[in-house]
Amino acid sequence: MPAHPAAPDTARCTRQRSDPRDDNLVHRDRIQEDVRAALRQDPRIKHPELIAVSVDEIGTVVLRGAVESLPERLAAAHDARHVEGVFDVIVDDVKVHPPVAYRRSDDEIRAAALQRLTADARTRSTHIHVKVSHGRLTLTGYARHDAESAAALEDVTSLTGVVGVTNQIKVR
């Protein structure tokens, strides 16, 4: 018997549900574009086009590329962390390559770091030690409180020629 003319055709009435993977891809693309826009708008980042941005399914942003200074690398991470929808930021693959005019020997970097620590009233510089290898600075020793350790890290991060800092200062 033929179908009733008023009966709906079930093949045409079923709703097309969107694939959740498509929604996730749109979400990831939006985060990626928002991070790129944040990098372009930050005056601390001289060449945002040298930083590649990728986003995984849960909102972890991975930055890769090169910048001229450690503060520039930290600014890129900061910008990405403040984008809505970002779960975490990984910047391990953002390399610091200071321009030739700003490169310093490890001894020059160490001397500048010690001078900066000595000049800062927030740190007891005699208890903080500095090692430098290929522009990577390591702080060791001890501090009276977290704020002193943070101040020491802040002091040396912006030094010319520094490409990385590891803070191994113990708080007593």
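Every value quoted in this text rests on a predicted model; they were computed, and no experiment measured them.

Participant: Could you clarify how one ought to interpret the overall build of the chain in this entry?
Facilitator: Scanning the chain from N- to C-terminus turns up five helices and seven strands. Of the regular secondary structure in the chain, the N- to C-terminal order runs α-α-β-β-α-β-α-β-β-α-β-β. Surface exposure of the chain reaches about 11100 Å², of which carbon and sulfur atoms provide 52%.

Participant: Hey, could you run me through the packing of aromatic side chains in this one?
Facilitator: Aromatic ring pairs are reported here in terms of the distance separating the ring centres and the angle at which the planes meet. Enumeration according to the criterion identifies zero aromatic pairs in this entry. Directly above the aromatic system of Y142 lies the positively charged group of R172, at a separation of 3.9 Å from the ring centroid.

Participant: Sorry if this is basic, but what is going on with the sheet that holds strand β1 (residues 51-55) here?
Facilitator: Strand pairing in a sheet takes place through backbone hydrogen bonds and is either antiparallel or parallel in direction. Spatial ordering of the open sheet is given by β1-β2-β3, a layout of three strands whose pairing is mixed. Looking at the sheet topology across the chains shown, the edges are occupied by β1 and β3 (88-96). Neighbour-to-neighbour, the strand axes of the sheet open up by a mean angle of 10°, direction not taken into account. Examined bridge by bridge, β1 and strand β2 (residues 60-67) share five bridges and lie antiparallel to one another. Within the sheet, the bridge partner assigned to S54 lies in β2 and is V62. Strands β1, β2 and β3 of the sheet are contacted by helix α3 (residues 70-81), whose axis makes an angle of about 160° with β3.

Participant: So what exactly am I meant to see when it comes to the pattern of salt bridges here?
Facilitator: Oppositely charged side chains may form a pair once their charged atoms are brought near each other. Using the criterion set out here, one finds 10 salt bridges in the structure. For D34, the salt bridge is made with R30, and the minimal N-O distance between the two is 2.9 Å. On the criterion of helical spacing, the pair formed by D34 and R30 is a turn pair, its members being four residues apart in helix α2 (residues 20-41). Judged by relative accessible area, which is 32%, D34 ranks as partly exposed. Exposure remark for R30: the relative accessible area of 32% places this residue in the partly exposed category. Connected through salt bridges with shared partners, the residues D120, R122, E154 and D155 form a single ionic network.

Participant: Looking at this model, I keep getting lost on the packing of helix α4 (residues 106-119) against helix α5 (residues 146-157). Mind explaining?
Facilitator: Packed helices, taken two at a time, are described by the angle their axes make and the gap between the axes. It is at 9 Å that the axes of α4 and α5 come closest, and there the two elements cross at 135°. Overall, the two elements α4 and α5 adopt an arrangement that is oblique. Read as a crossing pair, α4 and α5 show a hand that is right-handed. On α5, the residues touching A113, R116 and L117 of α4 are A152, D155 and V156. Split into classes, the residues belonging to the contact of α4 with α5 amount to four nonpolar, no polar and two charged.

Participant: Is there a simple way to think about the nonpolar core in this case?
Facilitator: Note on soluble globular proteins: their nonpolar side chains tend to be buried together. In this structure, V35, V61, L63, V89, L137 and L139 are the most contacted members of the largest nonpolar core, which totals 38 residues. Once you skip the residues sitting within four places of it in the chain, V89 turns out to touch V61, L63, A77, A80 and R81.

Definitions and limits used
Sequence order as written defines the numbering, with residues in each chain counted from 1. In keeping with the model being predicted, local features are shown solely for residues with a pLDDT of at least 70 and side-chain atom pairs are shown and tallied solely at 80 or more, while totals for entire chains, interfaces and linings include all residues. Side-chain descriptors were evaluated using all non-hydrogen atoms of the structure, hydrogens and water having been removed beforehand. Strands here are runs of E lasting at least two residues and helices are runs of H or I lasting at least four, both read from the DSSP assignment and numbered beginning at the N terminus. Areas reported here follow the Shrake-Rupley algorithm with a probe of radius 1.4 Å; residue values treat only the protein chains shown as occluding. Aromatic contacts are taken between Phe, Tyr and Trp rings whose centres are within 6.5 Å, Trp giving its six-membered ring; a plane angle under 30 degrees counts as stacked, one over 60 as edge-to-face, and the others as tilted. In this analysis the charged atom, NZ for Lys or CZ for Arg, is taken to sit over a ring once it is within 6 Å of the ring centre and within 35 degrees of the ring normal. A pair of strands is considered paired only if DSSP assigns at least 2 bridges between the two. Axis lines are fitted through C-alpha atoms, for helices just across the contact stretch, and the angle between N-to-C directions can take any value from 0 to 180 degrees. Contact between two residues is taken to exist if any of their heavy atoms lie within 4.5 Å; hydrogens are not considered. The working definition used for a salt bridge is a side-chain nitrogen of Lys or Arg within 4 Å of a carboxyl oxygen of Asp or Glu. The cut-offs for exposure are 20% and 50% of the maximum accessible area for each residue type, with area from a 1.4 Å probe on protein chains only; residues under the lower value are buried, those over the upper are exposed, and the others partly exposed. What sets the label is the angle itself: under 35 degrees gives roughly parallel, over 145 gives roughly antiparallel, 65 to 115 gives roughly perpendicular, and the rest give oblique. Crossing handedness: left-handed means the near helix sits turned counterclockwise from the far one by under a right angle, and right-handed means the same turn made clockwise. Three categories are distinguished: nonpolar for Ala, Val, Leu, Ile, Met, Phe, Trp, Tyr, Cys and Pro, charged for Asp, Glu, Lys and Arg, and polar for the others, with Gly belonging to the last. In plain words, nonpolar cores are sets of buried Ala, Val, Leu, Ile, Met, Phe, Trp, Tyr and Cys residues tied together by side-chain atoms within 4.5 Å.

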